[in-house]
Amino acid sequence: MPTSLHPFFLLILFISVFSADGIQLIIVNNCNETVWPGILCTAGHPTPNNSGFRLCSGEEAVLQLPDWWSGRIWGRQGCSDQKTGKFYCQTGDCSGLLQCMGTGGIPPATLVEMTLGTPKSPLHFYDVSLVDGFNLPVSMVPIGGGIGCGVAACEADLNVCCPSNLVVKRQGKVVGCKSACLASKSDRYCCTGGYANPKMCKPTPFGHLFKAICPRAYSYAYDEATGLKTCRAPRYVITFCPPK
């Protein structure tokens, strides 16, 4: 992977168009292969960039979002050539569509989740979540938000250290790492049923492992204390395969 993001920093320096009525997301692909970002918005919110697009290695895309936008973004990898008419991704696939059209990515997938303010609060809440497993490193960094703004991230490649019973392979290659919930489908690991509250739902050994490697990521269903970040910035940078 590249170790610097010089084009990105130039982009930040020269972006001058900013609407006081919206927030910019700058999406950067720092991986050494193409990533297809997928976007799923919360019901009632507009979907930017047709909910999915191709981002080649070293490329950036700028999305303009309205205030109070809420949704998630994830990276898809190993996608087939759309010219064949059979678009499919090895990780994060959304019903075989380039543009996800209201469909979430099939886990395991590293998620960037955000709620950019509400009628009751101007604060932005966001996280990088491993609750649905992991497929590639990603970070969300505020730009111009001031002191106290947090960085949400999982910069490490968890596929390298994924426990064997959580590994997902495609064509002999490890492409993802399941969460304990996805692997077991039990209430205890999924924080459902009798475990659907912070008192009963505790991080699993796998959650502890993910947290130790990616301390700035959301590792299980009730990880608000260290996983959830807040800010009020005019723009954020989401980087796939961020420099370590």
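- An unreviewed UniProt entry lists the protein chain under the name Thaumatin-like protein, from Rhododendron griersonianum.

**Some remarks on the pattern of salt bridges**
Here is step 1: All told, the structure shown has 3 salt bridges when counted by the stated rule.
Here is step 2: The salt bridge partner of Arg72 is Glu113, with a shortest N-O separation of 3.3 Å. Highlighted residues: Arg72 in strand 4 (residues 70–76) and Glu113 in strand 5 (residues 111–118), separated in sequence by 41 residues.
Here is step 3: Relative accessible area serves as the criterion here: at 26%, Arg72 is assigned to the partly exposed category.
Here is step 4: Glu113 sits in the partly exposed class, given a relative accessible area of 22%.

**Points about the environment of Cys56**
Here is step 1: Tracing the sequence through the fold places Cys56 in the loop between strand 2 (36–41) and strand 3 (60–66).
Here is step 2: In this structure, the C-alpha to C-alpha distance between Cys56 and Thr34, residues 22 residues apart in sequence, is 4.3 Å.

**Things to note about the sheet that holds strand 7 (residues 138–143)**
Here is step 1: As summarised here, the arrangement of the 5 strands in space is 3-1-12-7-8, forming an open sheet in which the pairing is mixed. The two strands at the open ends of the sheet, each matched to only one other strand, are strand 3 and strand 8 (152–154). On average, adjacent strands in this sheet sit at an angle of 20° to one another, irrespective of strand direction.
Here is step 2: Bridge count for strand 7 against strand 8 is 3 bridges, and the pairing is antiparallel.

**Quick notes on the sheet that holds strand 4**
Here is step 1: Sheet architecture is open: 5 strands sit in the order 2-4-5-6-11, paired in antiparallel fashion. Each end of this open sheet is capped by a strand with a single partner; those strands are strand 2 and strand 11 (229–231). Each strand of the sheet is rotated relative to its neighbour by a mean of 20°, with strand direction disregarded.
Here is step 2: In the sheet, strand 2 pairs with strand 4 via 6 bridges, with the strands oriented antiparallel. Pairing of Cys41 across the sheet is with Gly71, part of strand 4.

**Quick word on the nonpolar core**
Here is step 1: With 39 residues, the main nonpolar core has Leu25, Met114, Tyr236 and Ile238 as its most contacted residues.
Here is step 2: When residues no more than four places from it in sequence are discounted, the contact partners of Tyr236 are Ile23, Gln24, Leu25, Ile26, Leu116, His124, Tyr126, Met140, Val141, Pro142 and Cys231.

**Things to note about the state of the cysteines**
Here is step 1: For the coordinates displayed, the defined rule picks out 8 disulfides.
Here is step 2: At a sulfur-sulfur separation of 2.0 Å, the disulfide partner of Cys181 is Cys190. What sets the handedness of the Cys181 and Cys190 disulfide is the S-S torsion sign, and at about 95° it is right-handed.
Here is step 3: Considering cysteine sulfurs only, Cys177 is the nearest to Cys161, which forms no disulfide, with 7.2 Å between them.

**Considering the pairing of strand 5**
Here is step 1: In terms of strand pairing, strand 4 meets strand 5 through 5 bridges, oriented antiparallel. When the sheet's bridge partners are listed, Ser70 is paired in strand 5 with Thr115.
Here is step 2: Connecting strand 5 to the next strand, strand 6 (residues 121–129), in antiparallel fashion are 2 residues.

**A look at unusual backbone geometry**
Here is step 1: Going from Pro107 to Pro108, the amide bond is cis rather than trans, its omega being 10°.
Here is step 2: Note that Pro108 resides in the loop between strand 4 and strand 5.
Here is step 3: For Ser51, which is not glycine, the phi torsion reads 70° and is therefore positive.
Here is step 4: Although it is not a glycine, Ser95 adopts a positive phi angle of roughly 60°.

**Regarding the environment of Ile23**
Here is step 1: Examined against the element boundaries, Ile23 turns out to sit in strand 1 (residues 22–29).
Here is step 2: Between the C-alpha atom of Ile23 and that of Arg235, which follows or precedes it by 212 residues, the distance is 5.4 Å.

**A few points about the confidence of the model for the protein chain**
Here is step 1: Averaged over every residue, the pLDDT of the protein chain is 88; the share at 70 or more is 89%.
Here is step 2: Per-element confidence in the protein chain ranges from a low mean pLDDT of 44 for helix 1 (residues 6–14) to a high of 98 for strand 12 (residues 235–240).
Here is step 3: Confidence drops under a pLDDT of 50 for residues 1–20, and excluding neighbours within four residues, the segment shows 28 contacts in the predicted structure.

About the thresholds
- Going along each chain's sequence as written, the residues are numbered from 1 onward.
- Note on the predicted model: pLDDT of at least 70 is required for a residue's local features to be given, and 80 or more for side-chain atom pairs to be given and counted; whole-chain, interface and lining totals, by contrast, use all residues.
- Based on all heavy atoms of the structure, the side-chain values leave hydrogens and waters out of the count.
- Salt bridges are defined by distance alone: a side-chain nitrogen of Lys or Arg within 4 Å of a carboxyl oxygen of Asp or Glu.
- For the purposes of this entry, the term helix denotes a DSSP run of H or I that reaches at least four residues, the term strand denotes a run of E that reaches at least two, and both are numbered from the N terminus.
- The rule is simple: take the accessible area with a 1.4 Å probe, protein chains only, and divide by the maximum for that residue type; under 20% is buried, over 50% is exposed, in between is partly exposed.
- We treat two strands as partners when DSSP finds at least two bridges between them.
- Lines fitted to C-alpha atoms define the axes, with helix axes restricted to the stretch in contact, and inter-axis angles between N-to-C directions lie between 0 and 180 degrees.
- In this description, a nonpolar core means a group of buried Ala, Val, Leu, Ile, Met, Phe, Trp, Tyr and Cys residues linked to one another through side-chain atoms lying within 4.5 Å.
- Any two residues having at least one pair of non-hydrogen atoms within 4.5 Å are treated as being in contact.
- Put simply, a disulfide is two cysteine sulfurs that come within 2.5 Å.
- The pLDDT score gives, residue by residue, the confidence of the prediction method on a 0 to 100 scale.

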